[in-house]
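One-letter residues, chain by chain:
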Amino acid sequence: MAGRGELTDAAWERVEPLLPRADGCGRPWRDHRQVVNGVLWRLRTGAPWRDLPERYGPWQTVYERFARWEADGTWATLLEHVQVRNDAVGEVEWTISVDSTINRAHQHAAGARKRGSRPGDEPADSERSAARQALGRSRGGLTTKVHLAVDGRGLPLALVLTPGDVNDATMFEAVMDTVRIPRAGRGRPRTRLDRVLGDKAYSSRAIRAWCRRHGIAATIPERRDQQANRLRRGSRGGRPPVFDKEAYKHRNVVERCFNRLKQFRAVATRFDKLATRYRAGLELASLILWLRQPAS
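Note that this is a predicted model, so its numbers are computed, not measured.

Caption draft 1: Region of interest: helix α10 (residues 253-261). Taken residue by residue, α10 has Val253, Val254, Cys257, Phe258 and Leu261 as its buried positions. Buried residues along α10 cover an arc of 145 degrees about the axis, so they all sit on one side. Tucked into the core, α10 has its buried residues touching β1 (95-105), β3 (141-150), β4 (156-163), α11 (265-268) and α12 (275-291).

In structure tokens:
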């Protein structure tokens with residue numbers, strides 16, 4: 001019987017065939033389900049890895065498996081698999097809502113070892129290193145911003161990590177370029193959206209022009225300063241952008257998705273030093289949201 005926050009039997013049946021198999025070399029792996037449940041316990045509680053309960057096995061084993069599957073893309077593959085399955089049966093709603101949230105980084109998230117520095121980087125260039133790890137400094141301390149795109153049901157489709165002081169509008173195209181679901185059979189991945197819903201932070205000519213070039217309807221309210229500037233210019237200001245109030249009422253699905261993701265305390269507060277490890281936790285939390293949807 002699954003414990004609180006652990007994988008149910010139905011969820012395990014869906015992910016178990018996708019997990020790496022033992023190659024017959026060395027010692028056999030500890031039970032995958034036990035290890036995954038251990039990773040979920042740490043993600044849900046935000047506790048240090050060393051405080052992992054004994055029922056999940058040695059904490060070193062659980063952490064090393066988590067890190068290994070982050071490096072080889074296993075967590076991302078699991079998330080992609082459930083997205084492909086849902087899209088194949090027509091359950092993905094391609095009215096996309098986009099937004100971002102700022103998550104506070106714990107003091108233990110700073111100070112990652114500076115290995116593999118890029119050409120031109122100085123060893124003491126802490127600001128550039130922090131930017132690569134998606135850490136930004138503000139009045140409240142170190143923060144990480146999660147840019148998220150969700151489908152019409154509020155399920156994660158794409159996420160991008162940046163330092164917390166990065167503007168939302170500058171990352172819009174990067175988030176949209178990350179929205180891709182491979183086909184269950186042959187064919188190129190699905191990337192064409194029906195509509196994009198965004199708040200006033202995404203109100204810019206560049207974003208609206210990008211949506212027009214890609215044939216995507218944009219439902220983004222115009223900021224007051226933009227309205228005033230357009231009216232001040234008279235006929236040269238052009239017509240106001242089309243805005244569908246009824247469609248915009250559904251934008252809050254992305255806010256509700258953030259609320260569900262932040263029920264995992266290791267997502268609401270960043271404890272990981274590496275951005276790739278924090279992203280892996282976000283991918284696993286997103287996977288759980290997809291698995292909780294009733295299968296058709």
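Caption draft 2: Local environment of the pattern of salt bridges. Using the criterion set out here, one finds 13 salt bridges in the structure. Between Arg277 and Glu70 there is a salt bridge, with the nearest N and O atoms lying 2.9 Å from each other. Of this pair, Arg277 sits in helix α12 while Glu70 is found in helix α3 (residues 59-71), placing the two residues 207 residues apart along the sequence. The partner of Lys249 in a salt bridge is Glu246, with the nearest N and O atoms 3.1 Å apart.

Caption draft 3: Main features of the packing of α3 against α12. Between α3 and α12, the shortest axis-to-axis distance is 10 Å and the interhelical angle comes to 95 degrees. Taken as axis vectors, α3 and α12 run roughly perpendicular relative to one another. Residues Tyr63, Phe66, Ala67 and Glu70 of α3 form the contact with α12, whose participating residues are Thr276, Arg277, Ala280 and Gly281. Broken down by class, the residue content of the contact of α3 with α12 amounts to four nonpolar, two polar and two charged.

Caption draft 4: Representation of the packing of α10 against α12 within the structure. Close contact between α10 and α12 brings their axes to 10 Å; oriented N to C, the two are set at 110 degrees. When the interaxial angle is binned, α10 and α12 end up roughly perpendicular. Seen from above, α10 lies across α12 with right-handed handedness. Two secondary-structure elements touch here, α10 through Cys257, Arg260 and Leu261 and α12 through Ala285, Ser286 and Leu289. For the contact of α10 with α12, the residue count by class is four nonpolar, one polar and one charged.

Each value, and the rule that gives it
Residues numbered from 1 in each chain as written. Predicted model: local features only at pLDDT ≥ 70, side-chain atom pairs only at ≥ 80, totals over all residues. Heavy atoms only, no water. Buried < 20%, exposed > 50% of the residue type's maximum accessible area, 1.4 Å probe, protein only. Helix = DSSP H or I, 4+ residues; strand = E, 2+ residues; numbered from the N terminus. Arc of directions from axis to C-beta. Contact = heavy atoms within 4.5 Å. Salt bridge = Lys/Arg side-chain N within 4 Å of Asp/Glu carboxyl O. Axes fitted to C-alpha atoms, helices over the stretch in contact; angles between N-to-C directions. Parallel < 35°, antiparallel > 145°, perpendicular 65-115°, else oblique. Nonpolar A, V, L, I, M, F, W, Y, C, P; charged D, E, K, R; others polar. Left-handed = near helix turned anticlockwise from the far one by under 90°.

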